[in-house]
Amino acid sequence: MSVRRRAAALAITAVLCGTAAPVAVAAPSPSPSPSTPDLPDGLYGTKDPTYDGVWRQSLAFLAQRVELVTPATKAVDWLVGQQCTSGAFASYRDASVPCDAKTVTDTNATAAAVQALVELAVHRETVDNGVSWLKSVQNPDGGWGYNPGSPSDANSTAVVTGALARAGVPLADVTTKDDKTPYTALQSFALPCGGADGGAFAYQPDKDGKLAANADATAAAVIGAMGKGMAAGNSNAVKAPVCHEGTGLTVEQTAQNGASYLARTLAAKGYLELPPMPGAEESDPQPDFGNTADAVVALAASGHKDKAADAVAYLEKHAQGWAKEGGPAATAQLVLAAHATGTDARDFGGTDLVAQLNATGPAPAATAVPSPTSTVPGKPADTSSDDGGLGLWWIIGIGLAFGAGIGFLLSGRRKNQQL
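Residues numbered from 1 in each chain as written. Predicted model: local features only at pLDDT ≥ 70, side-chain atom pairs only at ≥ 80, totals over all residues. Heavy atoms only, no water.

Between helix α8 (residues 215-225) and helix α9 (residues 251-269), whose axes approach to 9 Å, the crossing angle comes to 145°. By crossing handedness, the relation of α8 to α9 is classed as left-handed. Two secondary-structure elements touch here, α8 through Ala 215, Thr 218, Ala 219, Val 222 and Ala 225 and α9 through Val 251, Ala 255, Gly 258, Ala 259, Tyr 261 and Leu 262. When the residues that make up the contact of α8 with α9 are grouped by side-chain class, the tally is nine nonpolar, two polar and no charged. (Axes fitted to C-alpha atoms, helices over the stretch in contact; angles between N-to-C directions. Helix = DSSP H or I, 4+ residues; strand = E, 2+ residues; numbered from the N terminus. Left-handed = near helix turned anticlockwise from the far one by under 90°. Contact = heavy atoms within 4.5 Å. Nonpolar A, V, L, I, M, F, W, Y, C, P; charged D, E, K, R; others polar.)

Another point: the side chain of Asp 344. Along the chain, Asp 344 turns up in the loop between α13 (328-340) and α14 (353-358). Within the structure, Asp 344 has its side chain in polar contact with the backbone nitrogen of Arg 346 (distance 2.9 Å). (Polar contact = N/O pair within 3.5 Å; in protein donor to acceptor, adjacent residues only side chain to side chain.)

This structure, assessed with the given rule, holds five aromatic pairs. Ring centres 6.2 Å apart and planes at 25° place the aromatic pair Trp 78 and Tyr 92 in the stacked group. Linking Trp 78 in helix α3 (residues 73-81) with Tyr 92 in the loop between α3 and α4 (107-120), this pair joins segments that are 14 residues apart in sequence. Residue class for Trp 78 comes out buried when judged on its relative accessible area of 9%. Between the aromatic rings of Phe 289 and Tyr 314, the centroid separation amounts to 6.2 Å while the plane-to-plane angle is 25°, which identifies the pairing as stacked. Placement of the pair is Phe 289 in helix α10 (residues 289-301) and Tyr 314 in helix α11 (residues 309-318), with a sequence separation of 25 residues. For Tyr 314, a relative accessible area of 16% corresponds to the buried category. Three or more aromatic residues link up through ring pairs in this structure, and these residues are Tyr 271, Phe 289, Tyr 314 and Trp 322. (Phe/Tyr/Trp six-rings, centres within 6.5 Å; stacked < 30°, edge-to-face > 60°. Buried < 20%, exposed > 50% of the residue type's maximum accessible area, 1.4 Å probe, protein only.)

Looking now at the state of the cysteines. Under the counting rule described, the total for this entry stands at two disulfides. Cys 193 shares a disulfide with Cys 243; S-S distance 2.0 Å. Sign of the S-S torsion, about -100° for the bond between Cys 193 and Cys 243, identifies this disulfide as left-handed. Remark: Cys 243 occurs in the loop between α8 and α9 and Cys 193 occurs in the loop between α7 (182-188) and α8; sequence separation between them is 50 residues. (Disulfide = S-S within 2.5 Å.)

This part takes up unusual backbone geometry. Positive phi, close to 60°, is recorded for Ala 121, a residue that is not glycine. Topologically, Ala 121 is positioned in the loop between α4 and α5 (124-136). Ala 121 sits in the exposed class, given a relative accessible area of 53%. Phi is positive for Asp 179, close to 65°, though the residue is something other than glycine. Of the residues examined, Asp 179 reaches a relative accessible area of 59% and is grouped as exposed.

None of the figures reported here should be taken as evidence of function without further support.
What follows is the structure, given as structure tokens:
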């Protein structure tokens, strides 16, 4: 889910909370306030964390991890401390106050935190509690909404699916009483082949049950349908994506259909577009850097990173300012896109994205150089795929962390700090 869509959903949820059951929405909304004083020690970013504190912290960890950066212990402790005793995470909360019935829990924040802690290989108790809660709030159709009880949407279902998969949960076993699985839900958002939008995924059906193509939802759904998390490994490109017609498609075929839509859409301009905000002075669509980065990861995760090459080049040339202004989550999106395609995140169009990301939070406990994802001659290349990018360089990174006296990656599991 893009930073923009996440802020929108949470802003509207905050308004609805206390008056009606929260409803997941896709409409855009203004971003949080520019800054807030007295930010918690250990939190990444300087902007108001109300809508995205856990999300941006988790994405920062995922991006640092693929670049063999070990986050500071206090940063990890802050994330763990955001969890409720139920296993859920809110988007952000005052951890000195216990969760209660008024705490608005968030499937996206919970899933992102689970993915981050899995990749860091720490706090397994927190991961297991998060997984248990996510399974407990699965909708009858097999999917998840933004908040518990809200209608399923493709983005939320995808990020939760990725979290369960990375945590080692067999997705085929995550079933409802009607034998619906996360994959069942994801496939229900898929448009059939044919036309410009063929193969795409919708965010949600409209009030009449119709599906409208949504590039953001498609990128998320492709990754989720492939059973992968947001930190996808650098895989070799395979044959060009095609749209599979007919009924009874496998979930992988449905994912490939989504990849074919993304490849076609990116081929037009090399980037995805963002419709103008209602009432905005600028009436022309603008480049959507966040969703373009997500589409790059989706294409790489589904075996088509060659189809993302032009988009990566576009991001290298144009997205640095957006990422710096957007903070840790935006910068992390570019790092993950670079990693998924074997691009040097430490020299991304002349910008060291890793250093930029590190500077948004506490000083890392350890950092490995050069970039493990680069395919630049003379630099180490990542050859991993389904493991999310572990391989030899992750092992070396652990060794560096240990040698520097950093114990939390290898230490015993700590008692879970509850939200």
